[in-house]
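Residues per chain, in single letters:
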Amino acid sequence: MEKADYIWIDGKVVGWDDATSHVIGNTLHYGFGVFEGIRCYKTEQGPAVFRLHDHLIRLRNSAKILGFEVPYSVDEMVESTREIIRANGADECYIRPLAYIGEGGMGLAYEDCQVNLLIATWFWGEYVGKGTLERGSRVKTSSYIRHHINTHMSKAKACGNYLLFQMARTDARRDGYDEALLLDANGQVAEGSVEHFFVVRNGVLVTPPLTHLLDGITRDTVIVLAREMGFEVREEAFSRDYVHTAQEAFFVGTGAEVTPVVELDRRPIGDGLRGPVTKQLQDAYFDVVKGRSNSHTDWLTYV
Ligand code: PMP
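What you see is a predicted model, and the numbers here were worked out from it, not measured in a lab.

Draft legend 1. Inspection of the pairing of strand E12 (residues 204-207) at higher detail. Of the two faces of E12, the one lined by Val 204 and Val 206 and the one lined by Leu 205 and Thr 207 are each fully buried. With helix H6 (residues 217-228) bridging E12 and the parallel strand E13 (residues 233-235), this β-α-β connection has right-handed handedness.

Printed below as a string of structure tokens:
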């Protein structure tokens, strides 16, 4: 990982190596915190953050679900995000806001602890794996199931929820795959470790409903773009064998962007290459996030 020069913490811009926290803290021990993953892209008009407001609204909502409040408004966090990107002088970066409880209150019940907010940026290239945007990813059905809706609150991007996704992704990669595909408690396809999932069947896009999933910002973006391009998009549950017989499949997410899935459990999807519909959607997505499209310019916040 490439370090940046600075990190924003509670209103101050501090050097990367000085951005430390005490070892006795609720978030470090129990994972009680919420975060976001956002991307800033290089555009002809300078760096632009994609759907920044939507991400920061989701950050505040994640905290609300866990029962605490992020001590900054969306507008304040928008400005702090712009400030740290400018300080780091990046054209293109990944942005990580984290609301955490750094010190005090080691009991499990959250009781008026001090909530801290940091906003870090660093460079993050292709998330699923190097080269996967073009060659596609090889995926393994995970033996871990996506949290039941009443076990972990799936609409919260909460730190502790990521233990499951870390185990699923680590296992898949140790077995030589690029990524994991998790099923839900009913055995239906849920999502990747940090990506929503689509299949293409006879020109129609099908993706699992949001019932037990995070309100995905890339998923929403891709659905809007696909419908504008004339594709039918259906949100409905499906099983893993429906994936084996699809013509194309792909992951979407802030990190993954639009990454083709060309193999599930050693069975090629379609002809095992990035498909034409996936390529069309990738192009449309990158045109919008990189400011090359005249549409949806309101999704970009210039730095
Ligand atoms: N699912 C999970 C569990 C995630 O953490 C993410 C990344 N935030 C996604 C899906 C994709 O969501 P988004 O498009 O909003 O980044």
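Past the structure itself, the notes keep going.
Draft legend 2. Molecular detail of the site of the ligand. Taken together, 15 residues lie near the ligand, and Arg 58, Tyr 162, Glu 191, Thr 218 and Thr 254 sit nearest. In this structure, an oxygen atom belonging to the ligand sits 2.7 Å away from a side-chain N or O atom of Arg 58. Side-chain polar atom of Lys 157 to a nitrogen atom of the ligand: 3.0 Å apart, as the coordinates give it. About the coverage of the ligand: the protein hides 98% of its 390 Å² of free accessible area. Partitioned by chemical class, the residues of the shell around the ligand number five nonpolar, six polar and four charged.

Draft legend 3. Spatial organisation of unusual backbone geometry. Of note, Glu 257 is a non-glycine position whose phi angle comes to about 55 degrees, a positive value. Position of Glu 257 relative to the elements: it lies in strand E15 (residues 257-264). Glu 257 gets classed as buried once you look at its relative accessible area, which sits at 6%. Positive phi, normally seen in glycine, also occurs at Asp 265, with a value near 50 degrees.

Draft legend 4. Molecular detail of a nonpolar patch on the surface. A cluster of nonpolar side chains, Val 23, Ile 24 and Leu 28, forms an exposed patch at the surface whose accessible area comes to about 300 Å². Take Ile 24: it is sitting in the loop between strand E2 (12-15) and helix H1 (26-30). By relative accessible area, Ile 24 is classed as partly exposed at 41%.

Draft legend 5. A look at the domain arrangement of the protein chain. Assigned domains within the protein chain: domain 1 (6-122) and domain 2 (132-289). Here the C-alpha centre of domain 2 lies 26 Å away from the C-alpha centre of domain 1. In this complex, domain 1 contributes 20 residues to the contact, which on the side of domain 2 involves 21 residues. Taken over both partners, the interface formed by domain 1 and domain 2 buries close to 1700 Å², and the fraction arising from carbon and sulfur atoms is 65%. When the buried area of domain 1 at its contact with domain 2 is split by residue, Phe 35, Phe 50 and Arg 58 rank highest and sum to 35% of it. Here Asp 220 ties to Arg 51 by a salt bridge, and the two come within 2.9 Å at their closest N and O atoms. Summed over the shared surface of domain 1 and domain 2, the number is 10 residue pairs in polar contact (both at pLDDT 80 or more). Residue assignment for the side of domain 1 that touches domain 2 shows that the elements contributing at least two residues are strand E3 (33-35), strand E4 (38-41) and helix H2 (52-66). Here the side of domain 1 that touches domain 2 gets six residues from one element, more than from any other, and that element is H2.

Draft legend 6. Up close: the nonpolar core. Ranked by internal contacts, the top residues of the largest apolar core, which has 30 residues, are Val 49, Ile 95 and Leu 117. Of all elements in the fold, only E4, H2, helix H3 (74-88), strand E6 (93-100) and strand E7 (116-122) reach the threshold of two or more residues within this core. It is H3 that contributes the most residues to this core, five residues altogether. One finds Leu 133, Val 200, Val 233 and Ala 284 within the second-largest nonpolar core, a separate group that totals 25 residues.

Draft legend 7. Molecular detail of the packing of H6 against helix H8 (residues 276-289). Here H6 crosses H8 at 110 degrees, and the two axes come no closer than 10 Å. Overall, the two elements H6 and H8 adopt an arrangement that is roughly perpendicular. The way H6 lies across H8 gives a crossing that is right-handed. Where H6 approaches H8, its residues Thr 218, Thr 221, Val 222, Leu 225 and Ala 226 are matched on the opposing element by Leu 281, Ala 284, Tyr 285 and Val 288. Residues that form the contact of H6 with H8 fall into these classes: seven nonpolar, two polar and no charged.

Draft legend 8. A look at helix H5 (residues 162-174). Taking 1.5 Å of rise per residue, the 13 residues of H5 would be expected to cover 18 Å, and the 18 Å separating its terminal C-alpha atoms lies within 8% of that figure. Listed as buried for H5 are Tyr 162, Leu 164, Phe 165, Ala 168, Arg 169 and Ala 172. Considered in projection along H5, the buried side chains sweep an arc of 150 degrees and stay on one side of the axis. Opposite the buried face of H5, by more than 90 degrees, sit the exposed residues Leu 163, Gln 166 and Arg 174.

What counts and how
- Residues numbered from 1 in each chain as written.
- Predicted model: local features only at pLDDT ≥ 70, side-chain atom pairs only at ≥ 80, totals over all residues.
- Heavy atoms only, no water.
- Buried < 20%, exposed > 50% of the residue type's maximum accessible area, 1.4 Å probe, protein only.
- Helix = DSSP H or I, 4+ residues; strand = E, 2+ residues; numbered from the N terminus.
- Right-handed = clockwise from strand over helix to strand, strands pointing away.
- Near = heavy atom within 4 Å.
- Polar contact = N/O pair within 3.5 Å; in protein donor to acceptor, adjacent residues only side chain to side chain.
- Areas by Shrake-Rupley, 256 points an atom, 1.4 Å probe, with all protein chains shown as cover.
- Nonpolar A, V, L, I, M, F, W, Y, C, P; charged D, E, K, R; others polar.
- Patch = residues over 30% accessible without salt bridge, like charges linked within 9 Å, V, L, I, M, F, W, Y side chains within 5 Å.
- Salt bridge = Lys/Arg side-chain N within 4 Å of Asp/Glu carboxyl O.
- Domains from an automatic or database assignment.
- Contact = heavy atoms within 4.5 Å.
- Buried area = accessible area lost by both parts, 1.4 Å probe.
- Core = buried A, V, L, I, M, F, W, Y, C linked by side-chain atoms within 4.5 Å.
- Axes fitted to C-alpha atoms, helices over the stretch in contact; angles between N-to-C directions.
- Parallel < 35°, antiparallel > 145°, perpendicular 65-115°, else oblique.
- Left-handed = near helix turned anticlockwise from the far one by under 90°.
- Expected span 1.5 Å × (residues − 1).
- Arc of directions from axis to C-beta.

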